[in-house]
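Spelled out from the first residue to the last, the chains are:
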Amino acid sequence: METIYCNTFADEWGPAKIVHLFEPSLPLKAIVVIDNIALGPAIGGVRIAPDLSTEEVFRLARTMTWKNAAAGLPHGGGKAGIVMASTVAGSEKERAIRGFARAIADLKEYIPGPDMGTDETCMAYIYDEIQRSVGRPKITGGIPLDELGVTGFGLAVAAEQIADHLGISLRGLRVAVQGFGSVGRAVARFLEQRGCLLVAASDSTGAIYNPKGIDPARLIAVKKDRGRVLNYPDADAIPLETLFTLPCDILVPAARPDAITMANASCVQARIVLQGANIPVTPEAESYFQKCGISTLPDFIVNAGGVICTAVEYRRGSAAEAFQTITEKIKENCRTVLHSVQKDNLSPREAAYRLAQDRVRQASRYQRHF
């Protein structure tokens, strides 16, 4: 195991460690970034993708630093990535996950959780190996994030706060979801419960659109049984890239980073961009949206439901307590950021950074610096 301190990413906040893992017999290639632990041990998901880079994992770890701090959690930020095809499954995937767990056994300041490509079962494997993970199945003492859809629930709470700030109701608003995975499925379901209408959805294989509405429960069943959204019968197939251009009220980028950049921001017709993924919108595109009157709050404010839930699990709280805590914290943080934007003439990201950085800075006063 090699620890690399990389000047490319270093600043006053971190990272504390960048660790590259390689085990040719599995095979296993992975990256762990422990960004900042001023507030406590770092919580962050384990992502699987074939094209992960150290930069992406670092950016995600830094997002977790701000997300945990903004949510008032006693945890720092970290992230891990396993460089592997997302289609790998079964015993081969289990071997890789268990090998990864053994490799991070000594990184006790990092607590892994589920992310893109991993789930409750993966967290159970990790816990079996090193007794340290969150987002595990209920039978193992965990709170299953994906099964409950807690990140999507938090996004729906955030959507309510943004809509209230705009003076509009969620009822009847049209929703387009890019990335109909665990987060995308849940946010579609919870927004529907609040009166919204799903009109478009995509996954890695394609996208569908029906301006009259798509039934989230039926689409979830189709995706589970037949593997892709394109098999949903009552919607038109559209090119993936056109989903961002559709007329809708709420656009939810819930897949990979940098999905919305200055190259496609001008095509967005939504009134609200709800950042379901981590770092799905570049800072330049966020600034453009603010100038154009499109409302968006940073990812680490609105999609913090998952990590809030894991923090509750870590201290052995219940699922009911997790939902209550998610509601309270995301409501409070959305309102705080929206108030700062108005009162202090800040961008949403500047206001959110100020909230999170003040908390990390205060905690850093009590750390040893020699």
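The structure this text deals with has already been given above.
Note that the structure is predicted; figures quoted are calculated from it, not measured.

Criteria and thresholds
Residues numbered from 1 in each chain as written. Predicted model: local features only at pLDDT ≥ 70, side-chain atom pairs only at ≥ 80, totals over all residues. Heavy atoms only, no water. Helix = DSSP H or I, 4+ residues; strand = E, 2+ residues; numbered from the N terminus. Pairing = 2+ DSSP bridges. Contact = heavy atoms within 4.5 Å. Axes fitted to C-alpha atoms, helices over the stretch in contact; angles between N-to-C directions. Phe/Tyr/Trp six-rings, centres within 6.5 Å; stacked < 30°, edge-to-face > 60°. Buried < 20%, exposed > 50% of the residue type's maximum accessible area, 1.4 Å probe, protein only. Lys NZ or Arg CZ within 6 Å of the ring centre and 35° of its normal. Salt bridge = Lys/Arg side-chain N within 4 Å of Asp/Glu carboxyl O. Core = buried A, V, L, I, M, F, W, Y, C linked by side-chain atoms within 4.5 Å.

How should unusual backbone geometry be read in this particular structure?
Geometrically, the link from glycine 14 to proline 15 is a cis peptide bond, its omega value of 5 degrees lying close to zero. Omega for the peptide link from leucine 26 to proline 27 comes to -10 degrees, which places this bond in the cis form. Within the secondary structure, proline 27 is located in the loop between strand E2 (17–23) and strand E3 (28–36). Unusually for a residue other than glycine, isoleucine 279 sits at a positive phi of about 45 degrees. Structurally, isoleucine 279 can be placed in the loop between strand E12 (272–273) and helix H8 (283–292). Although it is not a glycine, arginine 316 adopts a positive phi angle of roughly 65 degrees.

Explain the sheet that holds strand E10 (residues 236–238) here, please?
Adjacent strands of a sheet pair through backbone hydrogen bonds, lying either parallel or antiparallel. Pairing in this open sheet of seven strands is mixed, and the strands run E10-E9-E8-E7-E11-E12-E13 from one edge to the other. For this open sheet the edge positions go to E10 and strand E13 (295–296), each flanked by a neighbour on one side alone. As defined by bridge partners, strand E8 (residues 197–203) adjoins strand E9 (residues 206–209) across four bridges and the pair is classed as antiparallel. Note that in E9 the partner of alanine 201 across the bridge is isoleucine 208. With respect to the sheet, helix H6 (residues 182–193) is in contact with strand E7 (174–178), E8 and strand E11 (250–253), its orientation differing from that of E7 by roughly 170 degrees.

How should I be thinking about the packing of aromatic side chains in this particular structure?
Counted under the stated rule, the structure contains six aromatic pairs. Centre to centre, the rings of phenylalanine 153 and phenylalanine 190 are 5.3 Å apart; their planes meet at 75 degrees, and the pair counts as edge-to-face. Here phenylalanine 190 lies in helix H6 and phenylalanine 153 lies in helix H5 (residues 150–166), a separation of 37 residues in the sequence. Measuring from ring centre to ring centre gives 6.2 Å for tyrosine 288 and phenylalanine 289, while their planes differ by 55 degrees; the resulting arrangement is tilted. Here tyrosine 288 falls in the partly exposed class, since its relative accessible area comes to 25%. For arginine 189, the ring lying beneath its charged end belongs to phenylalanine 190, and the centroid distance is 4.6 Å. Note that arginine 218 overlies the ring of tyrosine 232, its terminal NZ or CZ placed 5.3 Å from the centroid.

Mind showing me how you'd approach the pattern of salt bridges here?
Close approach of charged atoms lets side chains of opposite charge pair. In this structure the tally under the stated criterion is 24 salt bridges. Arginine 62 is the partner of aspartate 11 in a salt bridge, and the nearest nitrogen-oxygen pair spans 2.8 Å. Remark: arginine 62 occurs in helix H1 (residues 54–70) and aspartate 11 occurs in the loop between strand E1 (2–4) and E2; sequence separation between them is 51 residues. Salt-bridge contacts for arginine 98 lead to glutamate 94; the nearest nitrogen and oxygen are separated by 2.9 Å. Taken as a pair, arginine 98 and glutamate 94 lie in helix H2 (residues 90–103) at a separation of four residues, close to a single helical turn. For arginine 98, a relative accessible area of 17% translates into the label buried. Among the residues examined, glutamate 94 registers a relative accessible area of 24% and is labelled partly exposed. Connected through salt bridges with shared partners, the residues Arg47, Asp51, Glu56, Lys79, Asp115 and Arg256 form a single ionic network.

Explain the pairing of strand E6 (residues 110–114) to me, please; I cannot follow it from the model alone.
As a general feature of sheets, a regular strand has side chains that alternate between the two faces. Counting buried residues in E6 gives five out of five residues, a clear majority hidden from the surface. In the sheet, strand E4 (residues 42–49) pairs with E6 via five bridges, with the strands oriented parallel. Paired with glycine 44 across the bridge in E6 is proline 112.

Whenever I open this one, the environment of glutamate 241 confuses me. Can you help?
Summarising the element assignment, glutamate 241 is placed in the loop between E10 and E11. The spacing of glutamate 241 and leucine 26 is 215 residues in sequence and 36 Å in space, taken between C-alpha atoms.

Sorry if this is basic, but what is going on with the nonpolar core here?
Note that soluble globular proteins tend to have their nonpolar side chains buried in a common cluster. By size, the foremost hydrophobic cluster in this structure holds 72 residues, and its most contacted members are Leu191, Leu219, Ile250, Leu274 and Ile301. Ranked by residue count, the leading element in this core is H5, at nine residues. Ignoring sequence-local partners within four residues, the contact set of leucine 219 consists of Phe180, Leu198, Ala201, Ile208, Ile214, Val229 and Tyr232. In this structure, Ala80, Ile97, Ala101 and Ile130 belong to the second largest nonpolar core, which totals 24 residues.

Take it as geometry only, folks, not as evidence of what the structure does.
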